[in-house]
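In case you want the letters, here they are:
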Amino acid sequence: MKHMKHFCAALLATTIVSFAAPAAFAANIAVVGGKTDDEFWNRIKKGVDDARLVVEKNGGQVSYLQLQTYDNLGPDAAQLVRTAISQGVEGIVVPNWVPEAEDEAIKAAIDAGIKVILMNAGSIEKARELGAINYVGSDEFVAGKAGGEYLGSKGAKNVICVNTVPGAANLEARCKGVIDGITAKGGKGKQLPLPATSFGDQTAIAEAVKATLLQDDTIDGVINVSATDADAAASGISQAGKVGKLVHGTFDLNASGLARIKDGSQTFAIDQQPYLQSLLGVTLLASTIDYGTALPTAPVLTGPGIVDASNIDATLAGVEKGAR
C-alpha cells in the first residue's frame, strides 16, 4: 500500500505538470484591413482585438495594418502584404479586394512560407488558386443575389446599386448579384458607379442618389454597398421626396441604419457579420500555424442574413454589445 501511495502521488504530480504547461502559441500574424474610422472596419478591428487576447496569452502577436485611404485600394493593399512579409510574420489575414493588384503580393507571401487566409473579400476558389488555406467571409455574389431577390419580393422593379468603390472585386460582385437577383424576380437593375473619392463623402453620395432619383422617376429600389453609404443615400432619398416610396436596403449594419429599419424609413440590411470574419480568421490561422489543425469547412461563410422589421430587436441587442 505504501508503494501504491507513492506511485499515485507521482502519477498525480506528473498529470498536474502536464496540464500546467501546455504548448504555447508562437504565431506572429498580420491582418490587412480598412480604416478604423469606418464603422464596418471597427467591427473587424474588434474581432482582431478579441482574437489577439487569445494569441498573445499564448505567446504570439497580432498586428493590424490598415489602409490610409481607399483611393488606390488594390496597390495599397498589396503594399501592406509586402510590409507584412518584410516584418517576418508567419501568417497573414487579408481581403482580396482587387485580385489583379493583390494576387502577386499574396503569392509572394505564400511562396515565402507564410500561411494566408483570405477574409472579407475573395472566395474559396481564389484561395485555392493562390494557395491560401481558407476563405472566411460572405460570398458577395450570393449575398447580392439575396438582396436583389428581397427587393423584388417587396415590389421593386427598377433598382440601382450604388457603388462608391468601383473596381473592388467584392463590391462589384455585390452589385452583380443584386442585378441578377432582381432580374430573376422580373425586375431590372443597374450599377450606379461613383468616383472612389466619394467613399465616405456623405454630401457627394447624397447628391448623386438625389440626382439619379429625380432624373428617373421609375426607380423604386436603392441598395448601397456599405452601411455608411446608406446613411448618405437616406439623405438623398429624403431630399428627392422618395421616403416610403421606394425600397431602400444596404449591405452591412450600423446604428443609424438599424434605427431607420426600426422606424420603417429603411427596409432592410444584409449582414455579413464582420466581427466573426476577423475573429475566426485570426484564430483559425494561429491554430494552423502552431498546431497544424485544419478545418474541413471551406469556405467559412459568415453571411448573408437579412435584417428587417421581423428581427430588428434581436439584432439591436447584439449592437449594444459592440459585435454587430
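Parameters at a glance
- Residues numbered from 1 in each chain as written.
- Predicted model: local features only at pLDDT ≥ 70, side-chain atom pairs only at ≥ 80, totals over all residues.
- Heavy atoms only, no water.
- Core = buried A, V, L, I, M, F, W, Y, C linked by side-chain atoms within 4.5 Å.
- Buried < 20%, exposed > 50% of the residue type's maximum accessible area, 1.4 Å probe, protein only.
- Domains from an automatic or database assignment.
- Contact = heavy atoms within 4.5 Å.
- Phe/Tyr/Trp six-rings, centres within 6.5 Å; stacked < 30°, edge-to-face > 60°.
- Helix = DSSP H or I, 4+ residues; strand = E, 2+ residues; numbered from the N terminus.
- 1 Å grid on protein atoms, 1.4 Å probe; cavity = no way out; pocket = protein on both sides within 12 Å on 5 of 7 lines; lining within 4 Å.
- Points joined across faces, edges and corners; volume = space filled by probe spheres on them.
- Nonpolar A, V, L, I, M, F, W, Y, C, P; charged D, E, K, R; others polar.
- Salt bridge = Lys/Arg side-chain N within 4 Å of Asp/Glu carboxyl O.
- Disulfide = S-S within 2.5 Å.

Chemist: How would you explain the nonpolar core if you had to name every residue and give the values?
Modeler: Counting 68 residues, the largest nonpolar core has I29, V31, I92, L118, L151 and I223 as its most contacted members. Taken domain by domain, the makeup of this core includes at least three residues from each of domain 1 (28-138 + 273-303) and domain 2 (140-271). Among residues more than four places away in sequence, those in contact with L118 are V94, N96, I106, S123, K126, A127, L130, A132, N134, Y135 and V136. Grouped together as the second largest cluster of nonpolar side chains are 15 residues, I160, V209, I219 and A233 included.

Chemist: So what about the packing of aromatic side chains? Which residues, and what values?
Modeler: As enumerated under the stated definition, the model contains four aromatic pairs in all. Ring geometry for W41 and W97: centres 5.7 Å apart, planes at 70°, overall edge-to-face. In this pair, W41 sits in helix α2 (residues 39-57) while W97 sits in the loop between β3 (91-94) and α4 (99-111), placing the two residues 56 residues apart along the sequence. There is no split in this pair, since W41 and W97 are both buried. Measuring from centroid to centroid gives 4.5 Å for Y150 and F268, while their planes differ by 45°, and the two rings are tilted.

Chemist: How would you summarise empty space enclosed by the protein if you had to cite specific residues and measurements?
Modeler: Counted by the stated rule, this structure contains three cavities of 30 Å³ or more. For the largest cavity, the calculated volume is near 270 Å³. Taken together, the elements giving at least two residues each to the lining of the largest cavity come down to α2, α7 (169-184) and α9 (227-239). For the lining of the largest cavity, the residue count by class is twelve nonpolar, six polar and four charged.

Chemist: Lay out the pattern of salt bridges in plain terms, naming residues and giving numbers.
Modeler: On inspection of all chains with the given rule, the structure shows 14 salt bridges. Between R174 and E140 there is a salt bridge, with the nearest N and O atoms lying 2.9 Å from each other. In this pair, R174 is assigned in helix α7 and E140 in helix α6 (residues 140-153), connecting sequence segments 34 residues apart. Assessed through its relative accessible area of 3%, E140 is described here as buried. A salt bridge links D217 to K242, with the shortest nitrogen-to-oxygen separation between them at 2.4 Å. Of this pair, D217 sits in the loop between α8 (202-215) and β8 (221-224) while K242 sits in the loop between α9 and β9 (247-251), and the two are 25 residues apart along the sequence. Under the relative-accessibility criterion, D217 is labelled exposed at 60%. Here K242 falls in the buried class, since its relative accessible area comes to 10%. Each of the salt bridges in this network shares a partner with another, and the network as a whole consists of K45, D49, R52 and E56.

Chemist: Can you explain the state of the cysteines? Please cite residues and give values.
Modeler: In this structure the tally under the stated criterion is one disulfide. Note that C161 is cross-linked by a disulfide to C175, the S-S spacing being 2.0 Å. Since a negative S-S torsion denotes a left-handed disulfide, the C161-C175 link at about -75° is left-handed. Linking C161 in strand β6 (residues 158-163) with C175 in helix α7, this pair joins segments that are 14 residues apart in sequence. Each member of the pair, C161 as well as C175, is classed as buried.

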